[in-house]
Amino acid sequence: VMAPEPVATLPLIMTTSGARQLKQAHPRVLRVLMSRPQKSDAQTYMAHMGHVLSVIGSPNYPPDPQRLQQRLMASFSRAYRPAGTARQLVAVAADGDRSPLLPRIVAPTRVIHGEVDPLVPVPAAHDLVQKIPGAVADIVPGMGHDLPLPLLPRIAEGIAQNAGRAAG
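These lines cover the structure that appears in this document, whether it is placed above or below. (Residues numbered from 1 in each chain as written. Predicted model: local features only at pLDDT ≥ 70, side-chain atom pairs only at ≥ 80, totals over all residues. Heavy atoms only, no water.)

1. Looking at the overall build of the chain
Okay, step 1: For the chain, the count of helices and strands is six helices and three strands.
Okay, step 2: Tracing the chain from N to C terminus, the helices and strands come up as β-α-α-α-α-β-α-β-α.
Okay, step 3: A compact globule built from 168 residues should have a C-alpha radius of gyration of about 15 Å, and the chain, at 17 Å, falls within 12% of that.
Okay, step 4: The principal-axis extents of the C-alpha atoms in the chain amount to approximately 50 × 35 × 30 Å.
Okay, step 5: Within the span of the chain, comprising 168 residues, buried residues form 36% of the whole.
Okay, step 6: A fraction of 82% describes how many contacts in the chain between residues 6 or more apart in sequence connect residues 24 or more apart.
Okay, step 7: Each charge class in the chain was averaged separately, 17 positive and 11 negative side chains, and the resulting centres sit 6 Å apart. (Helix = DSSP H or I, 4+ residues; strand = E, 2+ residues; numbered from the N terminus. Rg over C-alpha atoms; globule rule 2.2 N^0.38 Å. Buried < 20%, exposed > 50% of the residue type's maximum accessible area, 1.4 Å probe, protein only. Contact = heavy atoms within 4.5 Å. Lys, Arg positive; Asp, Glu negative; His and termini not counted. Charge placed at Lys NZ, Arg CZ, Asp CG, Glu CD.)

2. Section: the side chain of histidine 145
Okay, step 1: Position of histidine 145 relative to the elements: it lies in the loop between β3 (136-140) and α6 (152-164).
Okay, step 2: Within the structure, histidine 145 has its side chain in polar contact with the side chain of aspartate 117 (distance 2.7 Å).
Okay, step 3: Beyond its immediate chain neighbours, meaning those up to four positions away, histidine 145 contacts Met14, Ile56, Gly57, Asp117, Pro118, Leu119 and Val120. (Polar contact = N/O pair within 3.5 Å; in protein donor to acceptor, adjacent residues only side chain to side chain.)

3. Digging into the pairing of β3
Okay, step 1: Bridging between strand β2 (residues 109-114) and β3 involves five bridges; their strand directions are parallel. Paired with arginine 110 across the strands is valine 136, a residue of β3. (Pairing = 2+ DSSP bridges.)

4. Some remarks on the nonpolar core
Okay, step 1: Formed by Ala19, Leu22, Ala25, Val29, Val32, Val52, Val55, Ile56, Leu119, Val120 and Ala124, the largest nonpolar core amounts to 11 residues.
Okay, step 2: Of all the elements in the fold, those that place two or more residues in this core are α1 (27-34) and α2 (42-56).
Okay, step 3: Setting aside residues no more than four positions away along its own chain, isoleucine 56 makes contact with Val29, Pro118, Leu119, Gly144 and His145.
Okay, step 4: Counting residues in each nonpolar core, the second largest holds eight residues, with Leu12, Leu102, Leu128 and Ala135 among its members. (Core = buried A, V, L, I, M, F, W, Y, C linked by side-chain atoms within 4.5 Å.)

5. Section: the packing of α1 against α2
Okay, step 1: One way to put it is that α1 packs onto α2 with a least axis distance of 9 Å and a crossing angle of 155°. Accordingly, the angle class assigned to the pair α1 and α2 is roughly antiparallel. As α1 runs across α2, the sense of the crossing is left-handed. For the pair α1 and α2, contact is made by Arg28, Val29, Val32 and Leu33 and by His48, His51, Val52, Val55 and Ile56, respectively. (Axes fitted to C-alpha atoms, helices over the stretch in contact; angles between N-to-C directions. Parallel < 35°, antiparallel > 145°, perpendicular 65-115°, else oblique. Left-handed = near helix turned anticlockwise from the far one by under 90°.)

6. Here we look at the environment of aspartate 41
Okay, step 1: Assignment of secondary structure puts aspartate 41 in the loop between α1 and α2.
Okay, step 2: A relative accessible area of 29% means that aspartate 41 is categorised as partly exposed.
Okay, step 3: Within the local environment of aspartate 41, its side chain forms a polar contact with the side chain of threonine 44, the two groups lying 2.6 Å apart.

7. A few points about the packing of aromatic side chains
Okay, step 1: Tallied over the full model, the rule gives three aromatic pairs.
Okay, step 2: On the numbers, 5.3 Å between centres and 45° between planes, the contact of tyrosine 45 with phenylalanine 76 is tilted. A residue pair is termed long-range when its members are at least 10 positions apart, and tyrosine 45 in helix α2 and phenylalanine 76 in helix α3 (residues 65-79) qualify at 31 residues.
Okay, step 3: When its relative accessible area of 19% is taken as the criterion, phenylalanine 76 is described as buried. (Phe/Tyr/Trp six-rings, centres within 6.5 Å; stacked < 30°, edge-to-face > 60°.)

Structure (C-alpha cells):
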C-alpha cells in the first residue's frame, strides 16, 4: 500500500485487515498453535505438527497421512526453528489495524479464504472485500487454514483469473 507499483495484482490468502473488532480465533485454537513439542526430535515434532494441522486444517480435505508425514519430515530436516514460529506469532499479534490503508489499494485483488478457517475466521475475508475497492472473494467451502492438495487447481485458477484483471 505504501508503494503500490511493485504489484500488478494482489491475491490475499487466509489473511485479515487486522481490525480488532473482527471475530478472532477460538482460544483453544490459539493454545494449540502456541504449544510446543515436549522434545525437539523429528518424531515428536511430526506428531505435534500433525496435531496442529488437524486443528487448523480443512475438515473436508484431510491430508494423505503418508504425504503429510513426508512434508513434515522435510520441513523438520530443512529448518526446525521454534523461535522463528514464536517470532511470527508475536509479529502477527503486534501488527496493527491496516484498515485505513486498504482503500488505497488499486491492484485487482482476490481474497481467497476457507469458509471454516478456525485461525482467521471468514469474517476477515468479507472485511477485506468491503475495504479494498473492487476486491472479489473466493470463499472456499470446507477449507480451513491450510492449502489442501485437491484445492490447489481452484486456488491457482483464481489467482490466474485475478492476474487477467490487470490493466495492460
